[in-house]
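Examination of the molecular architecture
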Amino acid sequence: MDFKSAVLGKYNARIYKSRKDHIIEVKEGQAQPIAANTRAIPGIMTNRGCCYAGCKGVVVGPLKDTCVITHGPIGCGFYSWGTRRNKARPDADGSNYIQYCFSTDMQEPDIVFGGEKKLKKAIAEVMAIFKPKRIMICSTCPVGLIGDDIHAVASQAEKDYGITCVAFSCEGYKGVSQSAGHHIANNGLMKRIIGSDDSGSVGHHTVNLLGEYNIGGDGWETERLLKKIGYNIVSVFTGDGSLADIARSHRADINLIQCHRSINYVAEMMKTAFGINWLKVNFIGLKAIAQSLRDLATYFGDSWLIERTEEVINEEVLEVSPAIATYKERLNGKTAAIFVGGSRSHHYQDLLLDFGVTTVLAGYEFAHRDDYEGREVIPTIKEDADSKNIENLVIEPDRRYRAFLTPQRYQELKETIGLEDYSGMTRHMAEGSWVVDDLNHFETEEMIRVLKPDVFFSGVKDKYVVQKAGVVCRQLHSYDYSGPYAGYQGAVNFGRDLTMGLFAPAWKMITPPWREAKNA
């Protein structure tokens, strides 16, 4: 019995109908549509987050020069402090607020009589203690239900304190997952921050690094590589990032997209407004890193840059090759399942292959069809009622619009390096592997029983369910307090951690349910 039959055969007719198009077996050479970005089934233990988690927890939370206030009950406060290990170094002026928790802690009287006064008081308290230049407000479900006007409060705060104050109506119930929060955050940054500072020089060979949240220091390793070659990084969206840098991001020569789902909106809007082209990159996995660096050098077409890129790649590979070979000797032939968000389920398959580990199942928590099938399907995606809740900004070319490439060169690069395109995850997977959108706890248990992966990469919500089944589970949301995993040195860290996890003696003491005779 295959994985799909094992899962769907235990669902009732209603759930079967809802889930059957979310599970596909990869067949080489065939176009394979998959259902995605639809409502999770009530009662199913989904791993998804809410709209607020996508806005505050993913996109704006890692900003270090900004006090981000969660306006809502303290029960929504996990993402007001418990971020995904987004590391940040203090700015030149010493500001770094991501280690603090800012919440209005709304109580029942605030729900009944309104919470705007409490939000104003929270802003006043933040200003008195920290004196930040920038404040952001993220609302949770009750705020949208009772109608607090957080945008009016933010506007008044700007007048009262002479700061930048941006509000995001990212109530958790909007959209079907945290993906809606990404979109809302992108819109807010585009409307209020991007393009607001033309001062100073940004240098040559300038890039913005989009969709990099510096989990475990990933962004620092990526920045080290880019700077070593000779690039100037204008801004990072948003790991170890700052609104001060993002305000100047419209002046870069190219946008590099690491996490496609969370930040592609900004890339598209910046293309329309300022003419900045974007390139999908992956700095996780040795071959993927080299390809991304070579594509970037090709974009600029500078012979010195191309030569320097090869020098750096050779230096980095030479340094890490002995360790990679050591870990590959132990990991070769193992199998893995991956279920996380953004583009990570795609990226980490490249890194696993560096160690001889094949992926038998992969999926996303909050992807849209284009994350699986490629951007060419976007025109065919039918917009549903949930998607219509999210504002689609109408962007016009800005007076500072500039085309970095000639039309001929643009078309050439589109064909050679995939400029402004993403082919999705599915077509890069091996025939016979499985793709599952919005994997739930029941399906996770069935996947372990049928596919028997050696390691499962996911998040904390199902980490212990997996480990109780006798399978190693490594978090790819927080790296289990390790990292970085990006870059060449990150690959070594990943191989070390995976080897330690798989060969820990504790697993010999566990008999998982699927190894018992009655379930064999």
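Moving on: the sheet that holds strand 13 (residues 472–475). One open sheet accounts for six strands, arranged 1-11-10-9-12-13; its pairing is mixed. Looking along the sheet, the strands with just one partner apiece sit at the ends: strand 1 (23–25) and strand 13. Geometrically, the sheet is characterised by an average inter-axis angle of 15° between neighbouring strands, direction not taken into account. By the bridge criterion, four bridges tie strand 12 (residues 455–458) to strand 13 in an arrangement that is parallel. Bridge pairing in strand 13 places S458 opposite Q475. Docked against the sheet, helix 19 (residues 460–468) engages strand 12 and strand 13, running at close to 165° with respect to strand 13.

On inspection of all chains with the given rule, the structure shows 16 aromatic pairs. Lying over the aromatic face of Y422, K280 brings its terminal NZ or CZ to 5.2 Å of the ring centre. Directly above the ring of F503 sits R330, whose terminal nitrogen or CZ lies 4.0 Å from the centroid.

Where nonpolar side chains cluster on the molecular surface, the patch consists of I111, V112 and F113 and spans about 340 Å² of accessible area. Here V112 is to be found in helix 5 (residues 108–113).

Domain boundaries assigned for the chain yield domain 1 (51–192) and domain 2 (195–320 + 382–421). Domain 1 puts 30 residues into the contact, and the matching count from domain 2 is 33 residues. Of the roughly 2,700 Å² buried between domain 1 and domain 2 on both sides combined, carbon and sulfur atoms contribute 63%. Our count for the contact surface shared by domain 1 and domain 2 stands at two salt bridges. D240 is the salt-bridge partner of K64, the closest N and O atoms lying 3.0 Å from each other. Taken together, the connections running from domain 1 to domain 2 amount to 13 residue pairs in polar contact (both at pLDDT 80 or more). Where the side of domain 1 that touches domain 2 is concerned, the elements lending two or more residues are helix 3 (51–60), strand 3 (134–139) and helix 9 (179–192). Looking at which element gives the most residues to the side of domain 1 that touches domain 2, the answer is helix 9, with 11 residues. When its residues are assigned to classes, the side of domain 1 that touches domain 2 shows 11 nonpolar, eight polar and 11 charged.

For helix 8 (residues 150–161), with 12 residues, the first-to-last C-alpha span of 16 Å sits near the 16 Å given by 1.5 Å per residue. Those residues of helix 8 that are buried lie in contact with strand 2 (67–71), helix 6 (116–130), strand 3, helix 7 (141–146) and strand 4 (164–168). G162, located one to two residues past helix 8, shows a positive phi value of around 65°.

What follows concerns the packing of helix 10 (residues 218–229) against helix 14 (residues 303–331). For the pair helix 10 and helix 14, the least separation of the axes is 9 Å and the interaxial angle reads 135°. Compared by their axis directions, helix 10 and helix 14 come out oblique. Where helix 10 approaches helix 14, its residues R224, L225, K228 and I229 are matched on the opposing element by W304, L305, R308, T309, V312, E315 and E316. Per-class residue counts for the contact of helix 10 with helix 14 are five nonpolar, one polar and five charged.

Now for the pairing of strand 3. If a strand is regular, its side chains alternate between the two faces of the sheet. Buried residues dominate strand 3, accounting for six of its six residues. Here strand 3 shows two buried faces, one formed by R134, M136 and C138 and the other by I135, I137 and S139. Pairing between strand 2 and strand 3: five bridges, direction parallel. Across the sheet, residue I69 finds its bridge partner in strand 3, namely I137. Judged from the five bridges that link them, strand 3 and strand 4 form a sheet pairing that is parallel. In the sheet register, R134 faces strand 4, and the bridge partner there is T164.

Parameters and conventions
- Residues numbered from 1 in each chain as written.
- Predicted model: local features only at pLDDT ≥ 70, side-chain atom pairs only at ≥ 80, totals over all residues.
- Heavy atoms only, no water.
- Pairing = 2+ DSSP bridges.
- Helix = DSSP H or I, 4+ residues; strand = E, 2+ residues; numbered from the N terminus.
- Axes fitted to C-alpha atoms, helices over the stretch in contact; angles between N-to-C directions.
- Contact = heavy atoms within 4.5 Å.
- Phe/Tyr/Trp six-rings, centres within 6.5 Å; stacked < 30°, edge-to-face > 60°.
- Lys NZ or Arg CZ within 6 Å of the ring centre and 35° of its normal.
- Patch = residues over 30% accessible without salt bridge, like charges linked within 9 Å, V, L, I, M, F, W, Y side chains within 5 Å.
- Areas by Shrake-Rupley, 256 points an atom, 1.4 Å probe, with all protein chains shown as cover.
- Salt bridge = Lys/Arg side-chain N within 4 Å of Asp/Glu carboxyl O.
- Domains from an automatic or database assignment.
- Buried area = accessible area lost by both parts, 1.4 Å probe.
- Polar contact = N/O pair within 3.5 Å; in protein donor to acceptor, adjacent residues only side chain to side chain.
- Nonpolar A, V, L, I, M, F, W, Y, C, P; charged D, E, K, R; others polar.
- Expected span 1.5 Å × (residues − 1).
- Parallel < 35°, antiparallel > 145°, perpendicular 65-115°, else oblique.
- Buried < 20%, exposed > 50% of the residue type's maximum accessible area, 1.4 Å probe, protein only.

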